[in-house]
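Residue-level listing of the chains:
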Amino acid sequence: MGVLSEELRDQIRAQFPNYPNKRAVVLPALHLVQDAQRHVSIEAVREIAELLELHPSEVHDTMSFYQFFKDEKHKLGKHRVWVCRSISCMLRGGEELLQHMCEKLHVHPGQTSADGKVTMEFAECLGACDGAPCILVDDEAHMNITPEKADELLKSL
Amino acid sequence: MSTFEPTLLARISKTDSQLLETYRRDGGYEGFKKALGMAPVDVINLVKDSGLRGRGGAGFPTGLKWTFLPKDHPGPIYLAINGDESEPATFNNRILMEQDPHQVLEGIAISCYAIKSKKAYIYLRYEYGRSYRALKKAIEECYAAGLFGKNIHGTGFDLDVVLHRGAAAYICGEETGLIESLEGKRAWPRIKPPFPAIEGLFRKPTIVNNIETMACVKQILDRGADWFKSMGVPPDPSNPRDAGSYGPKLYCISGHVNKPGCVELPMGITARQLIDEHGGGVWKGRKAKAVVPGGISMGFLSASELDTPLDFNGPGKVGCLGLGTAAITVIDDHTSMVDVLFNCARFFAHESCGQCTPCREGTAWMHKILARIRMGEGQSRDLDLLTEVASSMGIIPGTTICGLSDGAAWPIKNAIKKFRSEFEEYIQTGRKTVKPSDALMEVH
Ligand SMILES: Cc1cc2nc3c(=O)[nH]c(=O)nc-3n(C[C@H](O)[C@H](O)[C@H](O)COP(=O)(O)O)c2cc1C
Ligand code: SF4
Ligand code: FES
């Protein structure tokens, strides 16, 4: 028994019929593991590789391309909060919002609050520019965010 | 114009617009049924006749693309739907997927039938969690209702639709980057040819189409090619390469306007009309200094170019790269173009996949030079240096694999050409607009 539970392994295996080969399951597998464990450890990479009949370096290569996936040194907190810094949000205060939220949590982007609840990040356009400035909490967009609304949101997490 | 009725967005504000039940009540999946009664080649011809051009940015004629598939291929043939929508300022695909997922799925089903594909993958950017859940549920409803699966409606046609989530990388929107990513690899775009229609996903013939393109296909099946062609702009006789800009289009409006949003209008509306008639005007009673015509990759319209029609042909006439995603961002006259351009350059430096040296190095240098200018340390030769770097990268000069680099270079060349005096003055007066928040984002 490794770091991947039998349940996780089953969830990964359940993806196999969707694709003509197992390599295509790398991204779905990384998502499943990161969702459950808040990071993808090197041991998890090895176990995913074994399940998908790949070399661990192939899984690691894909994982490292997407900065979205985090290794043991950058474990995510309970929630991931991304603040958009791209053009439409920047024009309406997105960068100031990022600064406000980082100060509030005493973190830099990429870091997790001391209570382990929130990992703060900046993001490129979240595709919710009609509600700029906007943020993403995990994968839910929140639009037209003022510093006050941001404080409330952080409190509710 | 006052008679224009939205079709693509007709259902989005209805109650329970996402449900199969309400979709069917509005005549949903009748177009698919109709297609199933036609020969696949006739469906392709119908889409060809409509003049539909892809909505993902490149504007390639959809029906024509479909004919590039090898004839009588034993299969599998794949349809890969591009739901990566990551071009800054663009959000129309999101609205379709979140509010009317069945319209998108019906377009996919029709397209698969036309190109003889039994399997569609929807590559969805991770950030669209609401779209993911809406599509997931809608797909489940389709399987349960026998609209997807084996032997649909007793016709012998099989169809599987798989939702695949990305991992927050802009390059996955480039069609061959998308394919590589779907195959479980880093999203490094492929050298073309071979084009995906010949050798695409899993090395099989593949059509890549955008979400909005799919919604248009559905409407064309319902309403016919003539209906689609009754809207928009015919080909420009002075441009032999222009295939016309037909049909309705989802325009996104964001930035310094009173009412940001997504509106459906016939192709060819101008930026000024979008701002004044649909975006509630420039905010705070100010004036527009510049407008991004279709995502930041396309460059800028200056204040004197706001009457440019936003069809496939218009933005190119005033030096922009093209229509792109038809998403406008309005920049008011209190904003520094140096800050705007820095923001664009930072985006591309962050999102270059790093495979081609001119793009990897060029985007990094353009970002650095603009950062230096914003620190008040710019020199007048920096502007020529920026233009030089920008001119050396891209498919257009022929030094890179994909169009990200052209999109990175264009706003730089455009801004320095159209707003040169503002940049010069900024540098000469030693202005400085760097913000404390910049330090927080230095690492990337
Ligand atoms: C860097 C880059 C990013 C792109 N991003 C997207 C995207 O997010 N969505 C999209 O549909 N097309 C995107 N495209 C265009 C696709 O490569 C492709 O042309 C399109 O998906 C084809 O669909 P269509 O013919 O229906 O427009 C991008 C192109 C480039 C060069
Ligand atoms: S042009 Fe840039 S983004 Fe495109 S393949 Fe080359 S390095 Fe990657
Ligand atoms: S620019 Fe922030 S969501 Fe698009």
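Only a predicted model underlies this, so the values are computations on that prediction, with no experimental measurement involved.

What to know about the overall build of chain B
Looking only at helices and strands, chain B features 18 helices and twelve strands. The C-alpha radius of gyration of chain B comes to 22 Å, within 12% of the 22 Å expected for a compact globule of 444 residues. By principal-axis analysis of the C-alpha atoms, chain B measures approximately 75 × 50 × 45 Å. Of the accessible surface of chain B, which amounts to about 16500 Å², a share of 53% is contributed by carbon and sulfur atoms. Within chain B, one finds 53 positive and 50 negative side-chain charges whose respective centroids are separated by 2 Å.

A few points about the overall build of chain A
Looking only at helices and strands, one finds seven helices and four strands in chain A. In chain A, the succession of α and β elements from N to C terminus is α-α-α-α-β-α-α-β-β-β-α. Sorting the 157 residues of chain A into buried and exposed places 58% on the buried side. Long-range contacts, defined as pairs at least 24 residues apart, comprise 60% of the intrachain contacts of chain A with a sequence gap of at least 6. Accessible surface, chain A as shown: approximately 6600 Å² in total, 51% of it carbon and sulfur. Computing the positive centroid from 17 side-chain charges and the negative centroid from 25, chain A places the two 2 Å apart.

Brief notes about helix α6 (residues 101–115) of chain B
With 15 residues, α6(B) extends 21 Å from end C-alpha to end C-alpha; this agrees with the ideal 21 Å at 1.5 Å per step. Judged by how many residues are buried, α6(B) sits mostly within the fold: 15 of 15 residues are covered.

Details of the pattern of salt bridges
In total, this model carries 48 salt bridges over all chains according to the counting rule given. For R360(B), the salt bridge goes to E361(B), with nearest N and O atoms at 3.5 Å. For D382(B), the salt bridge is made with R372(B), and the minimal N-O distance between the two is 2.7 Å. Of this pair, D382(B) sits in helix α15 (residues 381–391) while R372(B) is found in helix α14 (residues 357–374), placing the two residues ten residues apart along the sequence. Shared partners join several salt bridges into a network, and the residues in it are D139(A), E140(A), R130(B), R133(B) and R165(B).

Some remarks on the domain arrangement of chain B
Residue and element names in this part refer to chain B. Looking at chain B, the domain boundaries give domain 1 (20–230), domain 2 (245–332) and domain 3 (337–443). Placing the centre of domain 1 and that of domain 2 at their C-alpha centroids yields a distance of 27 Å. Opposite the 21 residues of domain 1 that make contact, domain 2 presents 20 residues. At the boundary of domain 1 with domain 2, total buried surface from both sides reaches about 1600 Å², with 64% on carbon and sulfur atoms.

What to know about the packing of aromatic side chains
In the structure shown here, the tally under the stated rule is 18 aromatic pairs over all chains. For the pair Y23(B) and Y29(B), a centre-to-centre distance of 5.2 Å together with 75° between the ring planes defines the contact as edge-to-face. As far as burial versus exposure is concerned, Y23(B) and Y29(B) are alike and both buried. A connected cluster of aromatic rings, assembled from ring pairs, spans F65(A), Y66(A), F68(A), F69(A), W82(A) and Y126(B). Over the aromatic face of F68(A) sits the side chain of R80(A), whose NZ or CZ is 4.5 Å from the ring centroid.

A closer look at the site of ligand 2
The environment of ligand 2 is made up of 13 residues, and the closest members are C353(B), Q355(B), C356(B), C359(B) and C402(B). Considering only residue class, the shell around ligand 2 consists of eight nonpolar, five polar and no charged.

Details of the interface of chain A and chain B
The partner chain B presents 65 residues to the 49 residues of chain A that form the contact. For the pair chain A and chain B, the summed buried surface comes to about 4700 Å²; carbon and sulfur atoms form 56% of the total. Residues D139(A) and R165(B) are paired through a salt bridge, measuring 2.7 Å at the closest nitrogen-oxygen approach. The interface formed by chain A and chain B holds 28 residue pairs in polar contact (both at pLDDT 80 or more) in total.

Notes on the pairing of strand β10 (residues 288–292) of chain B
Residue and element names in this part refer to chain B. For β10, the buried fraction is high: five of the five residues fall into the buried class. Pairing of β10 with strand β12 (residues 327–332), which is carried by four bridges, proceeds in the antiparallel orientation. Residue pairing in the sheet places A288 in a bridge with D332 of β12. Note that β10 and strand β11 (residues 301–302) share two bridges and pair antiparallel. By the bridge assignment for β11, V291 is matched with L301.

Quick word on the site of ligand 1
Residues and elements named next belong to chain B. Close contacts around ligand 1 come from 18 residues, with G56, N82, N209, N210 and T213 the closest. At a separation of 2.7 Å, an oxygen atom of ligand 1 approaches a polar backbone atom of G56. In this structure, K65 approaches ligand 1 through a side-chain N or O atom, which is 2.9 Å from an oxygen atom. Out of a free accessible area of 610 Å², ligand 1 has 88% covered by protein chains. Of the residues forming the shell around ligand 1, the biggest block, three residues, is contributed by strand β5 (residues 206–210). In terms of residue class, the shell around ligand 1 is made up of three nonpolar, nine polar and six charged.

Considering the sheet that holds β10(B)
All names here are of chain B. With mixed pairing, the five strands of this open sheet are ordered in space as β9-β8-β12-β10-β11. The open sheet has two free edges, formed respectively by β9 (261–266) and β11, since each of these has just one partner strand. In this sheet, β12 lies alongside strand β8 (residues 248–255) in parallel orientation, the contact comprising four bridges. In the strand pairing of β12, I253 is matched with I328. Sitting on the sheet, helix α5 (residues 92–99) is in contact with β8 and β9, with an inclination near 115° to β8.

With respect to the environment of D242(B)
All names here are of chain B. Counting through the fold element by element, D242 comes out in the loop between β6 (232–233) and β7 (245–246). A relative accessible area of 10% places D242 in the buried class. Between the C-alpha atom of D242 and that of N313, which follows or precedes it by 71 residues, the distance is 6.6 Å. The residues touching D242, leaving out its near neighbours within four places in the chain, are R53, P234, P235, D236 and N313. Polar contacts involving the side chain of D242 include one to the side chain of R53, which spans 3.3 Å. A polar contact of 2.9 Å, which involves the side chain of D242, links it to the backbone nitrogen of D236.

Quick notes on the rules
Sequence order as written defines residue numbering, which begins from 1 separately in each chain. Note on labels: chains are lettered from A, ligands numbered from 1, in written order. Totals for whole chains, interfaces and linings use every residue, but because this is a predicted model, local features are given only for residues with pLDDT of at least 70 and side-chain atom pairs only at 80 or more, for both listing and counting. Side-chain measures were taken over the full set of non-hydrogen atoms in the model, leaving aside hydrogen atoms and water. Helix and strand assignments follow DSSP, with helices taken as H or I runs no shorter than four residues and strands as E runs no shorter than two, numbered in order from the N terminus. For a compact globule the rule gives 2.2 Å times the number of residues to the power 0.38, and the radius of gyration it is set against comes from C-alpha atoms. Accessible surface is estimated by sampling points in the Shrake-Rupley manner with a 1.4 Å probe; for residues, cover comes only from the protein chains shown. A residue counts as positive if it is Lys or Arg and as negative if it is Asp or Glu; His and the chain ends are not included. To locate a charge, take NZ of a lysine, CZ of an arginine, CG of an aspartate or CD of a glutamate. Only protein chains enter the area calculation, which uses a 1.4 Å probe; residues under 20% of their type maximum are buried, those over 50% are exposed, and those in between are partly exposed. Pairs of residues are marked as contacts when any of their non-hydrogen atoms sit within 4.5 Å. Take the number of residues in a helix, subtract one, and multiply by 1.5 Å to get its expected span. Here, a salt bridge means any side-chain nitrogen of Lys or Arg that lies within 4 Å of a carboxyl oxygen of Asp or Glu. In this document the domain limits rely on a domain assignment from an automatic tool or a database. Summed over both partners, the accessible area lost on bringing two parts together, with a 1.4 Å probe, is the buried area. Any two of the Phe, Tyr and Trp rings considered here, Trp counted by its six-membered ring, make a pair once their centres fall within 6.5 Å; the pair's planes then place it as stacked at under 30 degrees, edge-to-face at over 60, or tilted in between. The criterion for a charge sitting over a ring is simple: Lys NZ or Arg CZ within 6 Å of the ring centre, and within 35 degrees of the ring normal. Working definition: residue near molecule or strand if any one of its non-hydrogen atoms lies within 4 Å of it. Residues are sorted three ways: Asp, Glu, Lys and Arg are charged, Ala, Val, Leu, Ile, Met, Phe, Trp, Tyr, Cys and Pro are nonpolar, and all the rest, Gly among them, are polar. N or O atoms within 3.5 Å of each other form a polar contact, as long as, within protein, one can give a hydrogen and the other can take it, and as long as residues adjacent in sequence are counted only when both atoms are side-chain atoms. Should DSSP find at least two bridges between two strands, the strands are taken to pair. Structural elements are reduced to axes, namely lines fitted to C-alpha atoms, with helices fitted over the stretch in contact, and the angle between N-to-C directions of any two is expressed from 0 to 180 degrees.

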